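Tertiary structure, described
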Amino acid sequence: MTCVMSAFSHPTACSSSAEIMSVLFFYTMRYKQLEPENPDNDRFVVSKRLSIVDVATGWLGQGLGVACGMAYTGKYFDTASYRVFCLLGDSESLEGSVWEALAFASHYSLDNLVAIFDVNRLGHGGSLPPEHSIDICQKRCEAFGWNTYVVDGRDVEVLCQVFWQAAQVKKKPTAVIAKTFKGRGVPSKPAFPFLPAVVTDARLQDVATRKACGLALARLGHINDRVVVLDGDTKNSTFSEIFKKEHPERFIECFIAEQNMVSVALGCATHGRTIAFASTFAAFLTRAFDQIRMGTMSQANINLVGSHCGVSVGEDGPSQMALEDLAMFRAVPHCTIFYPSDAVSTEHAVFLAADTKVIRQSASDKVTVIGAGITLPEALAAADDLSKQDISIRVIDPFTVKPLDAATIIASAKATGGRIITVEDHYPEGGIGEAVCAAVSMEPDILVHQLAVSGVPRSGQPSELLDVFGISARHIVVAVKCILMN
Ligand SMILES: Cc1ncc(C[n+]2csc(CCOP(=O)(O)OP(=O)(O)O)c2C)c(N)n1
């Protein structure tokens, strides 16, 4: 499934930490603005967003671990005086990796490390339990052996003081637990309009695949009362909130803790007690690969729904783009991978239909183009364009990447001179192209040409990114012509 969400929670999140950032950058931190690479600079990691220095984050729960590595290096390898500051969100702090980092930091007495918990009470899809859980956060940090301060995150003087005091504390890392408010100072009717959710995959039908998925899950919930849905604080993006509205007693909010979410889903599905669907952005499922792997060994039967695939995620940026998910799931034994390209096929996928569809064909087709998800409409647009130039191509939507309908693919390839082009919004390794290559490997007269995302992307307009990475209709047209010339 592929779509673009405007990052609506992010500007409000910035507002909650405005004073903290100002104090750090304009008072506490030793940081030469014009020399970001200066080794004497204090380090800063924004765990909850793309970092402005040193490391890419944005994928929540990893920043504190990275900050631990910086602090360890500073203290034990460099024996330098620089300090490391890491800003975390309160919802993010539910990731298990944050607690692993807390244990690491106190075990190694990283007194050059300060973690600032921006407790603004809200995550992505609503408020955390319990609201403003300052005491709980403090007790947890103390239990892990950290020095702690609880502060009003808007009080600049107090912030200056505690960051200074933290520098005097030896042998313990410091946690500053700041009570803040998300969206503070932002008018309820913004002066500039936030972009509404832009759905890029609505070309075949007016409903986004992720919305179709939410609607289908809700319908399924009415048909079968064993259906349960879990989500990791993304329900308003994955649309599992539609299921929640209709079946609140069978919805489990797992918060930002994807590994645990998959484990809980596995537990719910044991003994066939429930039919569990766990949803989040596809990129975040990669985090739970170990749980998925072990689930296979337990022969568990769960359904994982990953939204926001590929570079066509657009402005949300590379940390949110799933480009390895197919490779990961293709490696999982006994796993069926659906790659629906429109709302109708998404609904079928949810209802566990498995089928390969030849979307467009004629007796004079010269090349078979295999697209899935966002690249299927690109393939169809290329077919339209080429037909104006009297070149007809066959377009296949595999729908399930695993199992792949090899018979249909081979038959189509043979009918089109043995020429196949695969187009995917995924890295080439482990994706559809490789799956097709494996499927036709015993056929000497079939040649597969692969179009895929070849480098680490940046944030951008979905259509621009499809073009930059060579998987847009324009590139398919060029590839078809090249193949026909050779
Ligand atoms: C591993 C991971 N899971 C889910 C998301 C999607 N997501 C982006 S922001 C957000 C809410 C973050 O809330 P919090 O940590 O409290 O930070 P705040 O935005 O409130 O500052 C979520 C769930 C993500 N970026 N990374």
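As a starting point, this report considers the structure included with it. The residue numbering used here restarts from 1 in each chain and proceeds along that chain's sequence as written. With the structure being a predicted model, the display of local features is reserved for residues of pLDDT at least 70 and the display and counting of side-chain atom pairs for 80 or more, all residues being used for whole-chain, interface and lining totals. With hydrogens and water set aside, each side-chain value is computed from the structure's full complement of heavy atoms.

**So, the layout of surface pockets**
A pocket here means an open set of points on a 1 Å grid, computed over the protein atoms alone, that has protein on both sides within 12 Å along at least five of seven lines. A cavity is instead a set of points where a 1.4 Å probe fits but cannot get out; residues with an atom within 4 Å of a point line either one. Grid points are joined across faces, edges and corners, and a volume is the space filled by probe spheres set on the points. Approximately 1000 Å³ is the volume found for the largest pocket. Lining the largest pocket are 43 residues, and of these I302, N303, L304, C335 and T336 sit closest to its centre. Secondary structure counts use DSSP, requiring at least four H or I residues in a row for a helix and at least two E residues in a row for a strand, with both numbered from the N terminus. Those elements that provide at least two residues to the lining of the largest pocket are α10 (258-269), β8 (275-281), α11 (282-285), α12 (289-297), β9 (303-307), α13 (325-330), β10 (337-338) and α14 (343-350). Ranked by the residues each element gives to the lining of the largest pocket, the list is headed by β9, at four residues. Each residue is assigned to one of three groups, with Ala, Val, Leu, Ile, Met, Phe, Trp, Tyr, Cys and Pro labelled nonpolar, Asp, Glu, Lys and Arg labelled charged, and all others, Gly among them, labelled polar. Class assignment of the residues belonging to the lining of the largest pocket gives a composition of 28 nonpolar, twelve polar and three charged.

**A short note on a nonpolar patch on the surface**
A cluster of nonpolar side chains, contributed by Y76, F77, F104 and Y108, occupies part of the molecular surface with about 400 Å² of accessible area. Whether a residue is buried, partly exposed or exposed follows from its accessible area with a 1.4 Å probe, protein chains only, as a fraction of its type maximum: under 20%, in between, or over 50%, in that order. A residue is classified by how much of its surface remains accessible, and F77, at 60% relative accessible area, is exposed. Residues enter a patch when their relative accessible area is above 30% and they make no salt bridge; the linking distance is 9 Å between like charges and 5 Å between nonpolar side chains (Val, Leu, Ile, Met, Phe, Trp, Tyr). Throughout, the Shrake-Rupley method with a 1.4 Å probe supplies accessible areas, and for residues the shown protein chains are the sole cover considered. Salt bridge, as used here: a side-chain nitrogen of Lys or Arg that lies within 4 Å of a carboxyl oxygen of Asp or Glu.

**Details of the pattern of salt bridges**
Overall, the coordinates contain eleven salt bridges when judged by the stated rule. Residues D152 and R154 are paired through a salt bridge, measuring 3.3 Å at the closest nitrogen-oxygen approach. Looking at D152, the relative accessible area reads 33%, which means it is partly exposed. Between D384 and R360 there is a salt bridge whose closest N-O contact spans 2.7 Å. One end of the pair, D384, is in helix α15 (residues 375-388); the other, R360, is in strand β11 (residues 357-360), with 24 residues separating them in the sequence. A relative accessible area of 26% places R360 in the partly exposed class.

**Section: the nonpolar core**
Each nonpolar core is a collection of buried residues, namely Ala, Val, Leu, Ile, Met, Phe, Trp, Tyr and Cys, held together in the definition by side-chain atoms within 4.5 Å. Core analysis: the biggest nonpolar cluster contains 41 residues, and L230, F329, I420 and I432 have the highest contact counts within it. Residue assignment for this core shows that the elements contributing at least two residues are β6 (227-231), α10, β8, α11, α13, α16 (406-415) and α17 (432-439). Top contributing element to this core by residue count: α10, with five residues. Lining this core are residues from two domains, each supplying at least three of them: domain 2 (211-350) and domain 3 (357-485). Should any heavy atoms of two residues lie within 4.5 Å, those residues are counted as being in contact. With residues near it in sequence (within four places) discarded, I432 still touches L326, Y339, I370, A372, V401 and E424. Grouped together as the second largest cluster of nonpolar side chains are 31 residues, V311, A382, I391 and L451 included. All the domain ranges listed were derived from an automatic or database domain assignment.

**Let's talk about the state of the cysteines**
The term disulfide is used for any two cysteine sulfur atoms that are within 2.5 Å. This structure, assessed with the given rule, holds zero disulfides. In this model C268 remains outside any disulfide bridge; the closest cysteine sulfur is found in C254, 7.8 Å from its own.

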